[in-house]
Amino acid sequence: MSVVAIDFETANERRDSACAVGLAWIENGRVVRRESRLIRPPQMRFSPGNIRIHGILPADVRDAPTFPEAMAPFLPDLAGGIVLAHNAGFDMGVLAASLGAWNEPVPTLTGHCTLQIARRIFPDPAGCGLSKVAARLGIRFEHHDAGEDAYACAEIALAAVRETGARDVPDLVRGLGLTPIRAVNAPRRDLVRSTSVQALRVAGVAAAPSELRFSLRGSTGNRYVVVLEESANGPYLRCSCPAGTHRRRCRHVDALIDGDITDLTSNNPEDVERLRLRIGDATVGPVRVKGVAAA
């Protein structure tokens, strides 16, 4: 039975906004492998509070794999095994919600929480947060880096095995009588899969360029509008910011092309993906969008 510690970082308050994953494999009483991956969330909305915690910016994940792509090499090890996480309810929820966002099945796995384990084996009035337990146990790591957090989680479990005299992690969780924490698939129909090119065609959505209008917050707090318009020379993106009015490429256009909705103030993040689908791999000039493909 595989034993893997896992940790997710998210872009915002949504459980399906994973932007990084870290994993640490346990075999024969030690950590034998560590992996970490950046992930491009379905919607590129990064909350300032989340950025302050993990330091991951939209620019860091623009070219990162999607959640199913990033997790594909690791899901076989999670399926049927024991998956550890510190505050496992959160990480199991992220796993389920993120796979559900892509209509992907969640593997059958058994989740266990090292926060619960620490509260039983290493109780302390100061609390049993990951960094506090790790500090008490002498585990050195960089907190809020997904790979580092997964490693610390694994080391806490191994410390509990040694402290209790258990044979291994499965023996530890049996001895403590812990209730498994399951990851339950709950697909969301309102996310990126529903706005794929194929889904748009099946649904008969006609995403005409004139329909795509966005409001964005500028660096000084001003509100600007970006519109995909038609002209005699083809479609182009028009921004109302000073650079846009002088027909120069601006950061607001760049953000929309990259799918970055951090500064989007209009309530239409799904239209950003529609814009990206229309543009595809087309060359985007200062303001003109060349070769926009029909959806």
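Along each chain, residues carry numbers from 1 onward, in the same order as the chain's sequence is written. Predicted model: local features are reported for residues with pLDDT of at least 70 only, side-chain atom pairs are reported and counted for 80 or more only, and whole-chain, interface and lining totals are derived from all residues. Note that the side-chain values use all heavy atoms of the structure and ignore hydrogens as well as water.

## Re the overall build of the chain
Right, on to step 1. Elements are defined by DSSP. Helices are runs of H or I of four residues or more, strands are runs of E of two residues or more, and each kind is numbered from the N terminus. For the chain, the count of helices and strands is 13 helices and eight strands.
Right, on to step 2. Throughout this description, buried means an accessible area under 20% of the type-specific maximum (1.4 Å probe, protein chains only), exposed means over 50%, and partly exposed covers the range between. Looking at the chain residue by residue over its 295 residues, the buried ones come to 52%.
Right, on to step 3. In the chain, the share of contacts with a sequence separation of at least 24, taken over all contacts with a separation of at least 6, comes to 63%.
Right, on to step 4. All accessibility values rest on the Shrake-Rupley procedure with a 1.4 Å probe; residue burial counts only the protein chains present in the view. When the accessible area of the chain is evaluated, it comes to approximately 13,900 Å², of which 48% is carbon and sulfur surface. Only heavy atoms enter the contact rule, under which two residues are in contact if any of them lie within 4.5 Å.

## Let's talk about the packing of aromatic side chains
Aromatic ring pairs are defined here through the distance separating the ring centres and the angle between the ring planes.
Right, on to step 1. Only centres within 6.5 Å qualify two rings of Phe, Tyr or Trp (six-membered ring in Trp) as a pair; their planes then separate them into stacked at under 30 degrees, edge-to-face at over 60, and tilted for everything else. Tallied over the full model, the rule gives two aromatic pairs.
Right, on to step 2. With 5.7 Å between their ring centres and 35° between their planes, F8 and F67 make a pair best called tilted. Here F67 lies in helix α3 (residues 67-71) and F8 lies in strand β1 (residues 3-10), a separation of 59 residues in the sequence.
Right, on to step 3. Overall, F8 belongs to the buried group, its relative accessible area being 2%.
Right, on to step 4. Remark: a charge is flagged as sitting over a ring if the NZ atom of Lys or the CZ atom of Arg is within 6 Å of the ring centre and within 35 degrees of the ring normal. Against the face of W25 rests R33, its NZ or CZ located 3.9 Å from the ring centre.
Right, on to step 5. A cation sits over an aromatic face here: R34 above Y151, 4.1 Å from the ring centre.

## Some words on the environment of I117
Right, on to step 1. Tracing the backbone shows I117 in helix α6 (residues 114-121).
Right, on to step 2. Sequence separation between I117 and L172 is 55 residues; the distance between their C-alpha atoms is 9.1 Å.
Right, on to step 3. I117 has contacts with F122, A160, L172, L176 and L178, leaving out every residue within four places of it along the chain.

## Some words on the environment of T265
Right, on to step 1. Tracing the sequence through the fold places T265 in the loop between α12 (251-258) and α13 (269-279).
Right, on to step 2. Put simply, T265 and R223 are 42 residues apart on the chain and 8.2 Å apart in space, counted from C-alpha to C-alpha.
Right, on to step 3. In contact with T265, other than residues within four places in its own chain, are S215, L216 and R217.

## Examining the sheet that holds strand β6 (residues 213-217)
Right, on to step 1. Being paired, for any two strands, means DSSP has found at least two bridges between them. Across the sheet, which stays open at both edges, the three strands sit in the order β6-β7-β8 with antiparallel pairing between neighbours. In this open sheet, the two edge strands, each paired with only one partner strand, are β6 and β8 (236-239). The average undirected angle you get between the axes of adjacent strands in this sheet is 20°.
Right, on to step 2. Bridge count for strand β7 (residues 223-229) against β8 is four bridges, and the pairing is antiparallel. Across the sheet, V227 pairs through a bridge with R238, a residue of β8. To define axes, lines are fitted to C-alpha atoms, for helices over the stretch in contact only, and angles between the resulting N-to-C directions are given on a 0 to 180 degree scale.

## Things to note about the environment of V83
Right, on to step 1. The topology assignment puts V83 in strand β4 (residues 82-85).
Right, on to step 2. Residues V83 and R182 lie 99 residues apart in sequence; the distance between their C-alpha atoms is 9.8 Å.
Right, on to step 3. Once residues within four sequence positions are removed from consideration, V83 is found in contact with V4, I6, L78, M92, L109, T110, G111 and H112.

## Brief notes about helix α8 (residues 146-164)
Right, on to step 1. Each residue after the first adds 1.5 Å to the expected span of a helix. For α8, with 19 residues, the first-to-last C-alpha span of 27 Å sits near the 27 Å given by 1.5 Å per residue.
Right, on to step 2. Among the 19 residues in α8, 15 count as buried, and that is most of the element.
Right, on to step 3. What qualifies as a polar contact is a pair of N or O atoms within 3.5 Å, subject to a donor-acceptor requirement within protein and to the restriction that residues adjacent in sequence count only when both atoms come from side chains. Two or three places before G147, at the start of α8, stands the capping residue D145, its side-chain oxygen 3.0 Å from that residue's backbone nitrogen.
Right, on to step 4. Of the residues trailing α8, G165 is marked for its positive phi of about 80°.

## Some points on the nonpolar core
Right, on to step 1. Of all hydrophobic cores here, the largest spans 64 residues; its most connected members are I6 and M71.
Right, on to step 2. When residues in this core are grouped by element, the largest group, 11 residues, is from α8.
Right, on to step 3. Setting aside chain neighbours within four positions, we find M71 in contact with I6, F8, V21, L78 and L95.
Right, on to step 4. Counting 18 residues, the second-largest nonpolar core is a separate cluster that includes L212, Y224, C241 and L256. In these notes, a set of buried Ala, Val, Leu, Ile, Met, Phe, Trp, Tyr and Cys residues joined through side-chain atoms within 4.5 Å is what counts as a nonpolar core.

## Things to note about the side chain of H112
Right, on to step 1. Note on placement: H112 falls in strand β5 (residues 110-113).
Right, on to step 2. Ignoring sequence-local partners within four residues, the contact set of H112 consists of I82, V83, L84, A85, A88, V173, L178, T179 and P180.

## Re helix α9 (residues 169-176)
Right, on to step 1. Across the eight residues of α9, six count as buried, placing the element largely inside the fold.
Right, on to step 2. The opening residue of α9, the one whose side-chain oxygen lies 2.9 Å from the backbone nitrogen of D171, is D168.
Right, on to step 3. Immediately downstream of α9, the backbone of G177 shows phi near 65°, a positive value.

## Brief notes about the pattern of salt bridges
Oppositely charged side chains can pair when the atoms bearing their charge come close.
Right, on to step 1. Salt bridge, as used here: a side-chain nitrogen of Lys or Arg that lies within 4 Å of a carboxyl oxygen of Asp or Glu. If you walk through the whole model with that rule in mind, you get 10 salt bridges.
Right, on to step 2. One salt bridge connects R174 with D171, and the closest N-O pair in it is separated by 3.9 Å. One end of the pair, R174, and the other, D171, are both in helix α9, three residues apart, so they sit about a helical turn from each other.
Right, on to step 3. Owing to a relative accessible area of 53%, R174 belongs among the exposed residues under this scheme.
Right, on to step 4. A salt bridge links D254 to R249; the shortest N-O distance between them is 2.6 Å.
Right, on to step 5. Owing to a relative accessible area of 30%, D254 belongs among the partly exposed residues under this scheme.
Right, on to step 6. Residues joined in a network through salt bridges with shared partners are R33, E35, R37 and D77.

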